[in-house]
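The chain contents come next:
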Amino acid sequence: MKMKKLFSEIPYIKTERLVLRKIEETDAEGLAELAHSPTVYRYLPTFLFEQKYDTVHCVIRRLYNECFKESIILGVFMDDRFCGLAEIYGYREKTHKASIGCRFLERCWGKGIASETVGALVRYLTQETDIKVITASTMVENRAISRVMEKNNFCLVVSGADEDWGYARPTPANKWVWLL
């Protein structure tokens, strides 16, 4: 099978329970709920694309024009209901590397959706593109996402590295690398 170049298309990824796909105007209500949840964003950088504009409709209209060459953001859906976002970013063509991240509505926590989403991203990147190295950064205090990373064969390579996540002080982050 010929490998796709990352950013040559917006992926459509299907798992047993989930669909990861392009965000559309009809997803605005779910995206607004996510983007306005302080509980969700306490573990995330302050500069994420869905936080960039005043309305989610503006975010959706601009998403695939403004940030598509730097980041692929997909909606995560279960039974056609919006659960959250999955992201592929930090693409390095020469080293065949990309980073992944995800964020979910609080009512979707604890249901295996994050683990299934991370697994789906890994399968897509390793089976359909030429990506060989997958990394992720998570807040040290977010223990649930650490378990998700471990379940999906990510190895913790640095713990507590200070990163700029847009807060007043550097954010202690865990750095993960996916292992075959």
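Residues numbered from 1 in each chain as written. Predicted model: local features only at pLDDT ≥ 70, side-chain atom pairs only at ≥ 80, totals over all residues. Heavy atoms only, no water.

Residues Leu 6, Leu 31, Ile 88, Ile 100 and Phe 154 are the most contacted members of the largest nonpolar core, which totals 59 residues. In terms of residue count, the dominant contributor to this core is helix α4 (residues 113–128) (eight residues). Those residues in contact with Ile 88 that lie beyond four places of it in its chain are Leu 6, Phe 7, Glu 70, Ser 71, Ile 72, Ala 98, Ser 99, Ile 100, Leu 121, Tyr 124 and Leu 125. (Core = buried A, V, L, I, M, F, W, Y, C linked by side-chain atoms within 4.5 Å. Buried < 20%, exposed > 50% of the residue type's maximum accessible area, 1.4 Å probe, protein only. Helix = DSSP H or I, 4+ residues; strand = E, 2+ residues; numbered from the N terminus. Contact = heavy atoms within 4.5 Å.)

Applying the stated criterion across every chain, the model contains two aromatic pairs. Centroid distance Phe 49 to Tyr 53: 5.9 Å. Interplanar angle 70°. Geometry classified as edge-to-face. The buried category is assigned to Phe 49, whose relative accessible area is 9%. Each ring, one from Phe 77 and one from Phe 82, has its centre 5.7 Å from the other, and the planes form 75°; the classification is edge-to-face. Taking relative accessible area as the criterion, Phe 77 reaches 4% and is therefore assigned buried. The residue whose ring lies beneath Arg 21 is Phe 77, and the NZ or CZ to ring-centre distance is 3.8 Å. (Phe/Tyr/Trp six-rings, centres within 6.5 Å; stacked < 30°, edge-to-face > 60°. Lys NZ or Arg CZ within 6 Å of the ring centre and 35° of its normal.)

Between its terminal C-alpha atoms α4 stretches 22 Å, which fits the 22 Å expected from 16 residues at 1.5 Å a residue. α4 sits mainly inside the fold: twelve of its 16 residues count as buried. Considered for burial, the residues of α4 that qualify are Ile 113, Ala 114, Ser 115, Glu 116, Thr 117, Val 118, Gly 119, Ala 120, Leu 121, Val 122, Tyr 124 and Leu 125. (Expected span 1.5 Å × (residues − 1).)

On the basis of which strands lie adjacent, the open sheet formed by eight strands has the order β1-β2-β3-β4-β5-β6-β8-β7 and mixed pairing. Only two strands of the sheet have a single neighbouring strand rather than two, namely β1 (13–14) and β7 (154–163). By the bridge criterion, two bridges tie β1 to strand β2 (residues 18–21) in an arrangement that is antiparallel. Among the inter-strand pairings, Ile 13 is bridged to a residue of β2, identified as Leu 20. The sheet strands contacting helix α1 (residues 28–35) are β4 (81–92) and β5 (97–104), and the helix crosses β4 at an angle near 70°. (Pairing = 2+ DSSP bridges. Axes fitted to C-alpha atoms, helices over the stretch in contact; angles between N-to-C directions.)

The next subject is the pattern of salt bridges. Taken as a whole and judged by the stated rule, the model has nine salt bridges. A salt bridge links Arg 21 to Asp 27; its shortest N-O distance comes to 2.9 Å. Judged by relative accessible area, which is 6%, Asp 27 ranks as buried. Within this structure, Glu 50, Glu 87 and Arg 103 form a network of salt bridges that share partners. (Salt bridge = Lys/Arg side-chain N within 4 Å of Asp/Glu carboxyl O.)

Its identity is not glycine, yet Asp 79 carries a phi of approximately 55°, on the positive side. Mapped onto the elements of the fold, Asp 79 is located in the loop between β3 (71–78) and β4. Of note in this structure, His 96 is not a glycine but carries a positive phi near 55°. Mapped onto the elements, His 96 comes out in the loop between β4 and β5. Using a relative accessible area of 29% as the deciding quantity, one classes His 96 as partly exposed.

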